[in-house]
Amino acid sequence: MTKKLFGIACVACFCCNAAHSQTSDPAPTSIFSFDGFGTVGVAHSSESKADFLANDLQGTGAGRGRAWSPDVDSRIGGQLTARFTPQLSGVLQIVSEQRYDTSYTPRVEWGNIKYAFTPDLSVRVGRIVTSVFLESDSRKVGYAQPWVRP
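Just so you know, these numbers come straight off a predicted model, no measurement behind them.

**Student:** It is not clear to me how the pairing of strand 7 (residues 88-97) should be interpreted in this structure. Could you clarify?
**Tutor:** Within a regular beta strand, the side chains point alternately toward one face of the sheet and then the other, so they alternate between its two faces. Where strand 6 (residues 75-83) and strand 7 come together, nine bridges link them in antiparallel fashion. Within strand 7, the residue paired with Leu 80 across the bridge is Leu 92. Connecting strand 6 to the antiparallel partner strand 7 that follows it, the hairpin turn spans four residues. Note: strand 7 against strand 8 (residues 107-118), eight bridges, orientation antiparallel. Residue pairing in the sheet places Leu 88 in a bridge with Tyr 115 of strand 8.

Printed below as a string of structure tokens:
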């Protein structure tokens, strides 16, 4: 049942994102914008003594549990951005991917308020992903990366 809901959520997110990107109005009338993303991937491993996982927070993967697994790389997410003024904005990003208990419970990845003092200096307060790989803005968006994994 969880995989069926995950599939439905993927389709809904892609449709919503496609509808959002199809608008031809160059000046948005709302302070809010929504963007969604999703990645469906299948991993294979012939290792019978261990599972291949994308990170330590996943419950199962390809290998010991089953040879093929869609749980390793598949995820769906949405991001709500609010531009209150040219200097003040906020971001809320929620991502659903396999967790340690093998559920796909959504969690907040980003949730912050940003104030830009100048074009070159801004301050964010809230939940922010550390930019270890200098690609934190797109690290969960699989199709935005030219490599398999950072």
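So, next bit.
**Student:** Can you walk me through the pattern of salt bridges in this structure?
**Tutor:** Oppositely charged side chains are able to pair whenever their charged atoms sit close together. Within the structure shown, the criterion is met by three salt bridges. One salt bridge connects Arg 75 with Glu 97, and the closest N-O pair in it is separated by 2.8 Å. Taken as a pair, Arg 75 in strand 6 and Glu 97 in strand 7 lie far apart in primary sequence, 22 residues in all. Classification of Arg 75 as buried rests on a relative accessible area of 10%. Since its relative accessible area comes to 5%, Glu 97 is described here as buried. As a salt-bridge pair, Arg 107 and Glu 109 come within 3.6 Å of each other at their nearest N and O atoms. Overall, Arg 107 belongs to the partly exposed group, its relative accessible area being 26%. Among the ionic contacts, a cluster of salt bridges with common partners joins Arg 75, Glu 97, Arg 107 and Glu 109.

**Student:** Help me out: how do you make sense of the side chain of Gln 93 in this one?
**Tutor:** In this fold, Gln 93 is placed in strand 7. On the accessibility criterion, Gln 93 (5% relative accessible area) is buried. Within the local environment of Gln 93, its side chain forms a polar contact with the side chain of Gln 79, the two groups lying 2.8 Å apart. With residues near it in sequence (within four places) discarded, Gln 93 still touches Phe 37, Gly 78, Gln 79, Arg 107, Val 108, Glu 109 and Trp 110.

Conventions used here
- Residues numbered from 1 in each chain as written.
- Predicted model: local features only at pLDDT ≥ 70, side-chain atom pairs only at ≥ 80, totals over all residues.
- Heavy atoms only, no water.
- Pairing = 2+ DSSP bridges.
- Helix = DSSP H or I, 4+ residues; strand = E, 2+ residues; numbered from the N terminus.
- Salt bridge = Lys/Arg side-chain N within 4 Å of Asp/Glu carboxyl O.
- Buried < 20%, exposed > 50% of the residue type's maximum accessible area, 1.4 Å probe, protein only.
- Polar contact = N/O pair within 3.5 Å; in protein donor to acceptor, adjacent residues only side chain to side chain.
- Contact = heavy atoms within 4.5 Å.

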